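Breakdown of the fold
Listed here are the chains, written in short residue letters.
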Amino acid sequence: MEFTEAYKHTGPCCFSPNARYIAAAVDYRLVIRDTLSFKVVQLFSCLDKISYIEWALDSEYILCGLHKRPMIQAWSLTQPEWTCKIDEGPAGIAYARWSPDSRHILTTSEFQLRLTVWSLVNTACVHVQWPKHASKGVSFTKDGKFAAICTRRDCKDYIHLLSCHNWEIMGVFAVDTLDMTDIQWSPDDSAIVIWDSSLEYKVLIYSPDGRCLFKYQAYESGLGVKSVSWSPCGQFLAVGSYDQMLRVLNHLTWKTFAEFMHLSTVRAPCSAAVFKEVDEPLQLDMSELCLDDDFMGGSDAPEGHFKVRYEVMEVPITLPFQKPPVDKPNPKQGIGLLSWSNDSQYICTRNDSMPTALWIWDIRHLEVAAILVQKDPIRAAAWDPICTRLVLCTGSSHLYMWTPSGAYCVNNPLPQFSITDLKWNSDGSCLLLKDKESFCCAAVPLLPESSDYSSDE
(Lines give C-alpha, C1' and ligand atoms only; values in the text may rest on other atoms or scores of the structure.)
Protein backbone atom coordinates (compact mmCIF):
# COMPACT_ATOMS: atom_id res chain seq x y z
CA MET A 1 0.00 0.00 0.00
CA GLU A 2 1.11 3.54 -0.77
CA PHE A 3 0.33 6.44 1.59
CA THR A 4 0.10 10.14 0.80
CA GLU A 5 1.46 12.86 3.03
CA ALA A 6 -0.73 14.19 5.82
CA TYR A 7 -3.09 17.10 5.21
CA LYS A 8 -4.70 19.28 7.85
CA HIS A 9 -8.36 19.13 8.86
CA THR A 10 -10.34 20.48 11.80
CA GLY A 11 -13.56 18.56 11.31
CA PRO A 12 -15.26 16.38 8.72
CA CYS A 13 -13.63 15.14 5.52
CA CYS A 14 -15.00 12.71 2.95
CA PHE A 15 -14.80 11.46 -0.63
CA SER A 16 -17.22 12.67 -3.28
CA PRO A 17 -19.68 9.99 -4.51
CA ASN A 18 -17.91 9.83 -7.89
CA ALA A 19 -14.55 9.23 -6.08
CA ARG A 20 -12.87 12.15 -7.89
CA TYR A 21 -12.58 14.60 -4.99
CA ILE A 22 -11.88 14.82 -1.26
CA ALA A 23 -13.53 17.56 0.78
CA ALA A 24 -11.98 18.61 4.08
CA ALA A 25 -13.02 21.28 6.56
CA VAL A 26 -10.20 23.49 7.86
CA ASP A 27 -11.80 25.90 10.34
CA TYR A 28 -14.07 28.09 8.17
CA ARG A 29 -12.53 26.98 4.86
CA LEU A 30 -13.70 24.09 2.69
CA VAL A 31 -10.78 22.55 0.79
CA ILE A 32 -11.51 20.37 -2.26
CA ARG A 33 -8.67 18.16 -3.48
CA ASP A 34 -8.30 15.91 -6.49
CA THR A 35 -7.96 12.25 -5.48
CA LEU A 36 -5.26 11.54 -8.08
CA SER A 37 -2.90 14.48 -7.66
CA PHE A 38 -4.16 15.69 -4.23
CA LYS A 39 -3.84 19.24 -5.50
CA VAL A 40 -6.36 21.81 -4.30
CA VAL A 41 -8.96 22.31 -7.05
CA GLN A 42 -11.38 24.56 -5.12
CA LEU A 43 -11.26 26.58 -1.92
CA PHE A 44 -14.46 27.98 -0.41
CA SER A 45 -14.69 30.31 2.59
CA CYS A 46 -17.69 29.92 4.91
CA LEU A 47 -19.01 32.44 7.42
CA ASP A 48 -18.04 30.35 10.45
CA LYS A 49 -16.38 27.12 11.49
CA ILE A 50 -17.68 24.12 9.54
CA SER A 51 -19.44 21.50 11.68
CA TYR A 52 -20.34 18.93 9.01
CA ILE A 53 -20.27 18.53 5.24
CA GLU A 54 -22.25 16.41 2.79
CA TRP A 55 -21.81 15.85 -0.94
CA ALA A 56 -24.73 15.82 -3.36
CA LEU A 57 -25.08 12.48 -5.11
CA ASP A 58 -24.00 13.94 -8.46
CA SER A 59 -20.79 15.29 -6.81
CA GLU A 60 -21.47 18.72 -8.31
CA TYR A 61 -22.64 20.40 -5.11
CA ILE A 62 -21.57 20.23 -1.48
CA LEU A 63 -23.18 21.68 1.63
CA CYS A 64 -21.56 22.87 4.87
CA GLY A 65 -23.36 23.02 8.19
CA LEU A 66 -22.39 25.86 10.51
CA HIS A 67 -23.66 25.00 13.97
CA LYS A 68 -22.57 28.24 15.59
CA ARG A 69 -24.64 30.47 13.31
CA PRO A 70 -26.73 28.25 12.70
CA MET A 71 -27.04 28.13 8.91
CA ILE A 72 -26.22 26.13 5.80
CA GLN A 73 -23.96 27.13 2.95
CA ALA A 74 -23.83 25.22 -0.33
CA TRP A 75 -21.21 25.42 -3.09
CA SER A 76 -20.88 24.27 -6.69
CA LEU A 77 -17.69 22.73 -8.07
CA THR A 78 -18.61 23.47 -11.68
CA GLN A 79 -19.75 27.06 -10.96
CA PRO A 80 -17.46 28.43 -8.23
CA GLU A 81 -19.17 31.83 -8.36
CA TRP A 82 -22.54 30.26 -7.46
CA THR A 83 -23.42 30.50 -3.77
CA CYS A 84 -26.30 29.43 -1.57
CA LYS A 85 -27.08 30.28 2.04
CA ILE A 86 -30.01 28.87 4.04
CA ASP A 87 -30.98 30.50 7.32
CA GLU A 88 -34.14 29.49 9.20
CA GLY A 89 -33.98 32.51 11.49
CA PRO A 90 -35.01 31.97 15.11
CA ALA A 91 -35.99 28.34 14.37
CA GLY A 92 -32.35 27.50 13.67
CA ILE A 93 -31.01 24.50 11.75
CA ALA A 94 -30.08 21.30 13.58
CA TYR A 95 -29.19 19.22 10.50
CA ALA A 96 -29.25 19.30 6.69
CA ARG A 97 -29.08 16.65 3.97
CA TRP A 98 -29.32 16.40 0.19
CA SER A 99 -32.21 14.89 -1.70
CA PRO A 100 -31.39 12.12 -4.23
CA ASP A 101 -31.80 14.50 -7.20
CA SER A 102 -29.02 16.76 -5.81
CA ARG A 103 -31.18 19.84 -6.39
CA HIS A 104 -32.99 20.03 -3.05
CA ILE A 105 -31.74 20.42 0.53
CA LEU A 106 -33.73 19.12 3.50
CA THR A 107 -33.17 21.00 6.77
CA THR A 108 -34.48 20.16 10.24
CA SER A 109 -34.99 23.05 12.64
CA GLU A 110 -33.94 23.13 16.26
CA PHE A 111 -36.29 21.32 18.66
CA GLN A 112 -37.65 19.41 15.61
CA LEU A 113 -40.32 22.04 14.90
CA ARG A 114 -40.35 21.42 11.16
CA LEU A 115 -38.51 19.87 8.24
CA THR A 116 -38.10 22.13 5.22
CA VAL A 117 -37.33 21.13 1.63
CA TRP A 118 -35.47 23.91 -0.18
CA SER A 119 -35.22 23.91 -3.98
CA LEU A 120 -32.02 25.12 -5.63
CA VAL A 121 -33.86 25.42 -8.95
CA ASN A 122 -36.74 27.78 -8.21
CA THR A 123 -36.16 28.76 -4.52
CA ALA A 124 -39.47 27.13 -3.52
CA CYS A 125 -39.80 25.41 -0.14
CA VAL A 126 -42.09 22.79 1.41
CA HIS A 127 -42.62 22.22 5.14
CA VAL A 128 -43.30 19.03 7.09
CA GLN A 129 -44.34 19.68 10.68
CA TRP A 130 -42.92 17.93 13.76
CA PRO A 131 -40.09 15.70 12.40
CA LYS A 132 -39.13 13.09 14.98
CA HIS A 133 -35.35 13.46 14.78
CA ALA A 134 -32.78 15.91 13.46
CA SER A 135 -30.12 13.71 11.83
CA LYS A 136 -32.14 10.46 11.73
CA GLY A 137 -35.67 9.53 10.75
CA VAL A 138 -35.45 10.30 7.00
CA SER A 139 -34.95 7.61 4.37
CA PHE A 140 -35.08 7.69 0.57
CA THR A 141 -35.92 4.89 -1.83
CA LYS A 142 -33.04 3.54 -3.87
CA ASP A 143 -34.50 4.95 -7.08
CA GLY A 144 -34.79 8.37 -5.40
CA LYS A 145 -38.50 8.78 -6.11
CA PHE A 146 -39.91 8.75 -2.57
CA ALA A 147 -38.94 9.84 0.93
CA ALA A 148 -40.18 8.45 4.26
CA ILE A 149 -40.04 10.90 7.16
CA CYS A 150 -40.68 10.08 10.83
CA THR A 151 -42.89 12.58 12.64
CA ARG A 152 -44.47 12.74 16.08
CA ARG A 153 -47.54 14.59 17.28
CA ASP A 154 -49.95 14.07 20.17
CA CYS A 155 -47.52 11.53 21.71
CA LYS A 156 -47.78 9.20 18.69
CA ASP A 157 -45.36 8.32 15.88
CA TYR A 158 -46.26 8.70 12.19
CA ILE A 159 -44.65 8.13 8.80
CA HIS A 160 -45.05 10.73 6.05
CA LEU A 161 -44.43 9.51 2.49
CA LEU A 162 -43.40 12.27 0.09
CA SER A 163 -42.84 12.28 -3.65
CA CYS A 164 -39.36 13.57 -4.44
CA HIS A 165 -40.66 14.89 -7.78
CA ASN A 166 -42.95 17.63 -6.45
CA TRP A 167 -42.58 17.03 -2.67
CA GLU A 168 -46.28 16.43 -2.20
CA ILE A 169 -47.39 14.20 0.67
CA MET A 170 -48.47 10.87 -0.83
CA GLY A 171 -49.65 9.34 2.45
CA VAL A 172 -49.47 9.43 6.23
CA PHE A 173 -49.89 6.48 8.58
CA ALA A 174 -49.42 5.84 12.29
CA VAL A 175 -46.94 3.20 13.48
CA ASP A 176 -47.13 0.95 16.51
CA THR A 177 -44.13 2.28 18.44
CA LEU A 178 -43.67 3.94 21.80
CA ASP A 179 -40.69 6.05 20.73
CA MET A 180 -39.49 5.35 17.18
CA THR A 181 -35.71 5.36 16.78
CA ASP A 182 -35.16 5.28 13.01
CA ILE A 183 -36.43 4.12 9.63
CA GLN A 184 -34.90 2.44 6.55
CA TRP A 185 -36.28 1.57 3.12
CA SER A 186 -35.40 -1.91 1.91
CA PRO A 187 -32.90 -1.99 -1.00
CA ASP A 188 -35.67 -3.09 -3.39
CA ASP A 189 -38.00 -0.28 -2.17
CA SER A 190 -40.76 -2.78 -1.32
CA ALA A 191 -40.79 -2.39 2.46
CA ILE A 192 -39.89 -0.03 5.30
CA VAL A 193 -38.30 -1.19 8.55
CA ILE A 194 -38.94 0.77 11.76
CA TRP A 195 -37.58 0.02 15.22
CA ASP A 196 -38.50 1.26 18.67
CA SER A 197 -36.34 2.82 21.35
CA SER A 198 -33.95 0.72 23.42
CA LEU A 199 -36.58 0.46 26.18
CA GLU A 200 -38.92 -1.62 23.98
CA TYR A 201 -37.78 -4.48 21.74
CA LYS A 202 -39.86 -3.97 18.62
CA VAL A 203 -38.98 -4.17 14.91
CA LEU A 204 -41.83 -3.40 12.48
CA ILE A 205 -41.98 -4.04 8.74
CA TYR A 206 -44.42 -1.84 6.82
CA SER A 207 -45.46 -1.71 3.20
CA PRO A 208 -45.40 1.73 1.53
CA ASP A 209 -49.20 1.88 1.74
CA GLY A 210 -49.10 1.63 5.54
CA ARG A 211 -49.87 -2.06 6.09
CA CYS A 212 -47.88 -3.73 8.87
CA LEU A 213 -46.31 -6.78 7.22
CA PHE A 214 -44.59 -8.16 10.31
CA LYS A 215 -43.91 -7.35 13.93
CA TYR A 216 -40.77 -8.86 15.44
CA GLN A 217 -40.08 -8.98 19.16
CA ALA A 218 -37.28 -11.28 20.31
CA TYR A 219 -37.89 -10.80 24.03
CA GLU A 220 -39.57 -8.57 26.60
CA SER A 221 -38.51 -6.79 29.81
CA GLY A 222 -35.03 -5.78 28.75
CA LEU A 223 -33.10 -3.27 26.66
CA GLY A 224 -34.00 -3.92 23.04
CA VAL A 225 -32.65 -3.08 19.59
CA LYS A 226 -29.29 -1.33 19.22
CA SER A 227 -28.52 -1.58 15.48
CA VAL A 228 -30.39 -2.54 12.30
CA SER A 229 -29.10 -3.01 8.76
CA TRP A 230 -30.43 -4.35 5.45
CA SER A 231 -28.14 -6.56 3.40
CA PRO A 232 -27.16 -4.97 0.06
CA CYS A 233 -29.06 -7.68 -1.82
CA GLY A 234 -32.23 -6.88 0.16
CA GLN A 235 -32.89 -10.48 1.15
CA PHE A 236 -31.77 -10.22 4.79
CA LEU A 237 -32.39 -7.87 7.69
CA ALA A 238 -29.84 -7.93 10.52
CA VAL A 239 -30.87 -6.82 14.00
CA GLY A 240 -28.29 -6.31 16.76
CA SER A 241 -29.59 -6.22 20.32
CA TYR A 242 -28.52 -5.32 23.83
CA ASP A 243 -28.62 -9.03 24.78
CA GLN A 244 -25.36 -9.40 22.77
CA MET A 245 -26.99 -11.37 19.97
CA LEU A 246 -27.28 -10.82 16.23
CA ARG A 247 -30.49 -12.01 14.59
CA VAL A 248 -31.05 -12.22 10.84
CA LEU A 249 -34.51 -12.21 9.23
CA ASN A 250 -35.38 -13.21 5.67
CA HIS A 251 -37.44 -10.96 3.39
CA LEU A 252 -39.97 -13.59 2.31
CA THR A 253 -41.56 -14.63 5.60
CA TRP A 254 -39.78 -12.11 7.88
CA LYS A 255 -38.87 -15.01 10.16
CA THR A 256 -35.56 -15.34 11.98
CA PHE A 257 -33.30 -17.89 10.27
CA ALA A 258 -30.05 -17.18 12.15
CA GLU A 259 -29.12 -16.20 15.68
CA PHE A 260 -25.46 -15.49 16.43
CA MET A 261 -24.23 -15.28 20.02
CA HIS A 262 -21.17 -13.28 21.05
CA LEU A 263 -19.68 -15.40 23.83
CA SER A 264 -16.68 -14.25 25.83
CA THR A 265 -15.18 -17.74 25.64
CA VAL A 266 -14.77 -19.42 22.25
CA ARG A 267 -14.66 -23.20 22.53
CA ALA A 268 -14.38 -26.16 20.18
CA PRO A 269 -15.90 -27.16 17.89
CA CYS A 270 -15.24 -23.86 16.15
CA SER A 271 -14.29 -23.53 12.51
CA ALA A 272 -13.43 -19.84 12.83
CA ALA A 273 -9.89 -18.55 12.63
CA VAL A 274 -9.06 -16.44 15.68
CA PHE A 275 -6.48 -13.75 14.88
CA LYS A 276 -4.89 -11.93 17.81
CA GLU A 277 -2.83 -8.76 17.42
CA VAL A 278 0.58 -9.14 19.08
CA ASP A 279 3.70 -6.98 19.30
CA GLU A 280 6.78 -8.10 17.49
CA PRO A 281 10.12 -6.47 18.47
CA LEU A 282 12.14 -5.12 15.60
CA GLN A 283 15.25 -7.17 14.93
CA LEU A 284 18.08 -4.64 14.87
CA ASP A 285 21.38 -5.55 13.25
CA MET A 286 24.01 -4.00 15.55
CA SER A 287 27.06 -5.64 13.96
CA GLU A 288 28.00 -2.48 12.04
CA LEU A 289 26.94 0.00 14.72
CA CYS A 290 29.53 2.69 15.45
CA LEU A 291 29.57 5.99 17.28
CA ASP A 292 30.43 9.18 15.43
CA ASP A 293 29.65 12.89 15.56
CA ASP A 294 26.32 12.42 13.78
CA PHE A 295 25.06 9.99 16.39
CA MET A 296 24.36 12.63 19.05
CA GLY A 297 22.38 14.90 16.76
CA GLY A 298 20.64 12.28 14.66
CA SER A 299 16.89 12.07 15.13
CA ASP A 300 15.79 10.19 12.03
CA ALA A 301 15.20 6.90 13.82
CA PRO A 302 11.59 5.74 13.71
CA GLU A 303 9.59 6.16 16.86
CA GLY A 304 8.79 2.97 18.72
CA HIS A 305 10.57 -0.35 18.47
CA PHE A 306 7.65 -2.61 17.74
CA LYS A 307 5.64 -3.65 14.79
CA VAL A 308 2.50 -5.75 15.07
CA ARG A 309 1.26 -8.89 13.43
CA TYR A 310 -1.62 -11.32 13.76
CA GLU A 311 -1.09 -14.61 15.52
CA VAL A 312 -3.54 -17.45 14.91
CA MET A 313 -4.82 -18.66 18.27
CA GLU A 314 -6.03 -22.07 19.29
CA VAL A 315 -9.42 -22.56 20.94
CA PRO A 316 -10.56 -22.41 23.64
CA ILE A 317 -9.77 -18.71 24.06
CA THR A 318 -11.26 -16.11 26.39
CA LEU A 319 -11.89 -12.69 24.87
CA PRO A 320 -11.42 -9.48 26.91
CA PHE A 321 -14.79 -8.65 28.47
CA GLN A 322 -15.96 -5.48 30.22
CA LYS A 323 -18.97 -5.73 32.50
CA PRO A 324 -20.97 -2.49 32.26
CA PRO A 325 -21.82 -0.71 35.53
CA VAL A 326 -25.42 -1.23 36.58
CA ASP A 327 -25.85 2.29 37.98
CA LYS A 328 -25.09 4.23 34.75
CA PRO A 329 -27.32 4.82 31.70
CA ASN A 330 -26.54 3.72 28.13
CA PRO A 331 -24.49 0.64 29.06
CA LYS A 332 -21.63 -0.32 26.76
CA GLN A 333 -23.01 -3.68 25.76
CA GLY A 334 -24.83 -5.13 22.80
CA ILE A 335 -24.18 -4.98 19.07
CA GLY A 336 -23.02 -1.42 18.50
CA LEU A 337 -21.25 -2.03 15.17
CA LEU A 338 -23.00 -3.90 12.36
CA SER A 339 -21.96 -3.91 8.69
CA TRP A 340 -22.59 -6.12 5.63
CA SER A 341 -20.06 -7.00 2.95
CA ASN A 342 -20.86 -5.82 -0.57
CA ASP A 343 -21.87 -9.35 -1.69
CA SER A 344 -24.11 -9.91 1.39
CA GLN A 345 -22.17 -13.07 2.27
CA TYR A 346 -20.45 -11.72 5.39
CA ILE A 347 -21.44 -9.45 8.23
CA CYS A 348 -19.10 -7.98 10.84
CA THR A 349 -20.18 -7.08 14.36
CA ARG A 350 -18.73 -5.64 17.54
CA ASN A 351 -20.22 -6.42 20.91
CA ASP A 352 -19.63 -3.24 22.92
CA SER A 353 -18.86 -5.19 26.10
CA MET A 354 -15.99 -6.80 24.15
CA PRO A 355 -14.78 -3.68 22.31
CA THR A 356 -11.46 -5.17 21.17
CA ALA A 357 -13.01 -8.11 19.29
CA LEU A 358 -14.52 -8.00 15.80
CA TRP A 359 -16.69 -10.94 14.74
CA ILE A 360 -17.11 -11.87 11.08
CA TRP A 361 -20.08 -14.10 10.32
CA ASP A 362 -20.59 -16.24 7.21
CA ILE A 363 -24.26 -15.97 6.21
CA ARG A 364 -23.99 -18.72 3.61
CA HIS A 365 -22.83 -21.31 6.16
CA LEU A 366 -24.47 -19.66 9.21
CA GLU A 367 -21.31 -19.72 11.31
CA VAL A 368 -18.58 -17.43 12.52
CA ALA A 369 -15.85 -17.16 9.89
CA ALA A 370 -13.22 -15.24 11.87
CA ILE A 371 -12.63 -13.31 15.07
CA LEU A 372 -10.11 -10.47 15.17
CA VAL A 373 -8.82 -9.68 18.67
CA GLN A 374 -7.12 -6.29 18.86
CA LYS A 375 -5.01 -4.68 21.56
CA ASP A 376 -7.18 -1.55 21.61
CA PRO A 377 -10.94 -0.95 21.20
CA ILE A 378 -12.11 -0.97 17.60
CA ARG A 379 -12.92 2.56 16.42
CA ALA A 380 -14.25 1.86 12.92
CA ALA A 381 -14.61 -0.95 10.38
CA ALA A 382 -15.59 -0.68 6.72
CA TRP A 383 -16.04 -3.16 3.89
CA ASP A 384 -14.48 -2.66 0.48
CA PRO A 385 -17.36 -1.58 -1.83
CA ILE A 386 -16.02 -3.73 -4.67
CA CYS A 387 -14.65 -6.97 -3.20
CA THR A 388 -14.77 -8.97 0.03
CA ARG A 389 -12.22 -7.12 2.12
CA LEU A 390 -12.68 -5.58 5.56
CA VAL A 391 -10.54 -2.77 6.97
CA LEU A 392 -10.56 -1.63 10.60
CA CYS A 393 -8.71 0.78 12.88
CA THR A 394 -8.21 1.06 16.63
CA GLY A 395 -6.64 4.49 17.10
CA SER A 396 -3.11 3.13 16.62
CA SER A 397 -0.76 3.77 13.70
CA HIS A 398 -1.73 0.48 12.04
CA LEU A 399 -4.41 -0.63 9.62
CA TYR A 400 -5.92 -4.08 9.96
CA MET A 401 -7.38 -6.01 7.03
CA TRP A 402 -9.31 -9.24 6.67
CA THR A 403 -10.21 -11.24 3.60
CA PRO A 404 -11.47 -14.83 3.32
CA SER A 405 -7.80 -15.72 2.69
CA GLY A 406 -6.61 -14.38 6.04
CA ALA A 407 -5.83 -11.28 8.09
CA TYR A 408 -2.85 -8.95 8.05
CA CYS A 409 -1.56 -5.69 9.54
CA VAL A 410 -0.29 -2.67 7.63
CA ASN A 411 1.86 0.01 9.27
CA ASN A 412 1.19 3.65 8.46
CA PRO A 413 4.61 5.22 7.76
CA LEU A 414 3.51 8.75 8.75
CA PRO A 415 5.02 9.76 12.11
CA GLN A 416 2.67 10.38 15.03
CA PHE A 417 -0.40 9.53 12.95
CA SER A 418 -3.08 7.60 14.85
CA ILE A 419 -5.89 6.24 12.67
CA THR A 420 -9.17 7.05 14.44
CA ASP A 421 -11.55 6.73 11.48
CA LEU A 422 -11.53 5.48 7.89
CA LYS A 423 -13.66 5.61 4.76
CA TRP A 424 -13.53 3.90 1.36
CA ASN A 425 -14.07 5.77 -1.87
CA SER A 426 -16.80 4.42 -4.10
CA ASP A 427 -14.54 2.45 -6.47
CA GLY A 428 -12.57 0.72 -3.71
CA SER A 429 -9.19 2.02 -4.88
CA CYS A 430 -8.44 4.41 -2.03
CA LEU A 431 -8.87 4.72 1.74
CA LEU A 432 -9.30 7.97 3.66
CA LEU A 433 -7.58 7.73 7.05
CA LYS A 434 -8.27 10.31 9.76
CA ASP A 435 -6.21 11.41 12.71
CA LYS A 436 -7.39 14.02 15.19
CA GLU A 437 -6.04 16.99 13.21
CA SER A 438 -4.86 15.52 9.91
CA PHE A 439 -5.80 12.98 7.27
CA CYS A 440 -4.07 10.98 4.60
CA CYS A 441 -5.05 8.57 1.84
CA ALA A 442 -3.84 5.09 1.08
CA ALA A 443 -3.91 3.53 -2.37
CA VAL A 444 -5.28 0.01 -1.97
CA PRO A 445 -4.25 -2.63 -4.52
CA LEU A 446 -6.96 -4.65 -6.19
CA LEU A 447 -7.66 -7.89 -4.41
CA PRO A 448 -6.51 -10.94 -6.42
CA GLU A 449 -8.95 -13.80 -6.74
CA SER A 450 -6.68 -16.06 -4.70
CA SER A 451 -3.93 -14.60 -2.58
CA ASP A 452 -1.99 -15.44 0.53
CA TYR A 453 -1.15 -12.47 2.68
CA SER A 454 1.60 -12.34 5.23
CA SER A 455 0.24 -11.49 8.67
CA ASP A 456 3.15 -9.16 9.40
CA GLU A 457 3.11 -7.20 6.15
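Predicted model, so just to flag it, every value in this text is computed and none were measured.

The helix and strand inventory of the protein stands at one helix and 41 strands. Taking 2.2 N^0.38 as the reference for a compact globule, 457 residues should give roughly 23 Å; the C-alpha atoms of the protein span a radius of gyration of 24 Å, in line with that estimate. Taking the principal axes of its C-alpha atoms as reference, the protein extends roughly 80 × 60 × 45 Å. The long-range fraction of contacts in the protein, counting pairs at least 24 apart against all pairs at least 6 apart in sequence, stands at 45%. Here the protein displays about 22000 Å² of accessible surface, and carbon together with sulfur accounts for 51% of that area. Averaging the locations of the 40 positively and 55 negatively charged side chains of the protein gives two centres separated by 8 Å.

This part is about the nonpolar core. Judged by nonpolar contacts, the single largest core of 23 residues is most densely connected at Leu246, Val248, Leu319, Ile347, Trp359 and Ile371. For this core, the secondary structure elements donating two or more residues are strand E24 (236–241), strand E25 (245–250), strand E26 (256–261), strand E31 (335–340), strand E33 (357–362) and strand E34 (367–373). Ignoring anything within four residues of it in the chain, the contact list for leucine 246 reads Ala238, Val239, Gly240, Ala258, Glu259, Phe260, His262, Leu338, Ile347, Thr349 and Trp361. Grouped together as the second largest cluster of nonpolar side chains are 19 residues, Tyr346, Ile360, Ala381 and Trp402 included.

Turning next to the sheet that holds strand E10 (residues 83–86). The strands making up a sheet associate through hydrogen bonds between their backbones, and the pairing can be parallel or antiparallel. Spatial strand order, E7-E8-E9-E10: four strands in an open sheet with antiparallel pairing. Every other strand in the sheet has two partners, leaving strand E7 (52–55) and E10 as the edge strands with one partner each. The mean inter-strand angle of the sheet, taken between neighbouring strand axes irrespective of direction, is 20°. Across six bridges, the pairing between strand E8 (residues 61–66) and strand E9 (residues 71–76) is antiparallel. Across the sheet, the residue bridging to isoleucine 62 is tryptophan 75, located in E9.

Side chains of E10 alternate between two faces, with Cys84 and Ile86 buried and Thr83 and Lys85 left unburied. Pairing between E9 and E10: four bridges, direction antiparallel. Bridge assignment links tryptophan 75 to a residue of E10, and that residue is threonine 83. Where E9 folds back onto E10 in an antiparallel hairpin, the turn is made up of six residues.

What follows is about the packing of aromatic side chains. What the rule picks out here adds up to 20 aromatic pairs. When the centroid spacing of 5.6 Å and the interplanar angle of 5° are considered together, the rings of tryptophan 359 and tryptophan 361 count as stacked. Between the aromatic rings of tryptophan 383 and tryptophan 402, the centroid separation amounts to 6.1 Å while the plane-to-plane angle is 85°, which identifies the pairing as edge-to-face. Pair noted here: tryptophan 383 is in strand E35 (residues 380–383) and tryptophan 402 is in strand E37 (residues 398–403), with a separation of 19 residues, a long-range link. With a relative accessible area of 4%, tryptophan 402 lands in the buried category. An aromatic cluster is built from Tyr7, Phe38 and Phe439, whose rings are joined through pairwise contacts.

What follows is about unusual backbone geometry. A cis amide bond links arginine 69 with the next residue in sequence, proline 70, at an omega value of -10°. With respect to the element layout, proline 70 can be found in the loop between E8 and E9. The residue after alanine 268, namely proline 269, is reached through a cis peptide bond having omega 0°. Phi at glutamine 244 takes a positive value of approximately 70°, unusual for a residue other than glycine. Here glutamine 244 shows up in the loop between E24 and E25. In this structure, tryptophan 254 is a non-glycine residue whose phi angle is positive, near 60°.

What counts, and at which threshold
- Residues numbered from 1 in each chain as written.
- Predicted model: local features only at pLDDT ≥ 70, side-chain atom pairs only at ≥ 80, totals over all residues.
- Heavy atoms only, no water.
- Helix = DSSP H or I, 4+ residues; strand = E, 2+ residues; numbered from the N terminus.
- Rg over C-alpha atoms; globule rule 2.2 N^0.38 Å.
- Contact = heavy atoms within 4.5 Å.
- Areas by Shrake-Rupley, 256 points an atom, 1.4 Å probe, with all protein chains shown as cover.
- Lys, Arg positive; Asp, Glu negative; His and termini not counted.
- Charge placed at Lys NZ, Arg CZ, Asp CG, Glu CD.
- Core = buried A, V, L, I, M, F, W, Y, C linked by side-chain atoms within 4.5 Å.
- Buried < 20%, exposed > 50% of the residue type's maximum accessible area, 1.4 Å probe, protein only.
- Pairing = 2+ DSSP bridges.
- Axes fitted to C-alpha atoms, helices over the stretch in contact; angles between N-to-C directions.
- Phe/Tyr/Trp six-rings, centres within 6.5 Å; stacked < 30°, edge-to-face > 60°.

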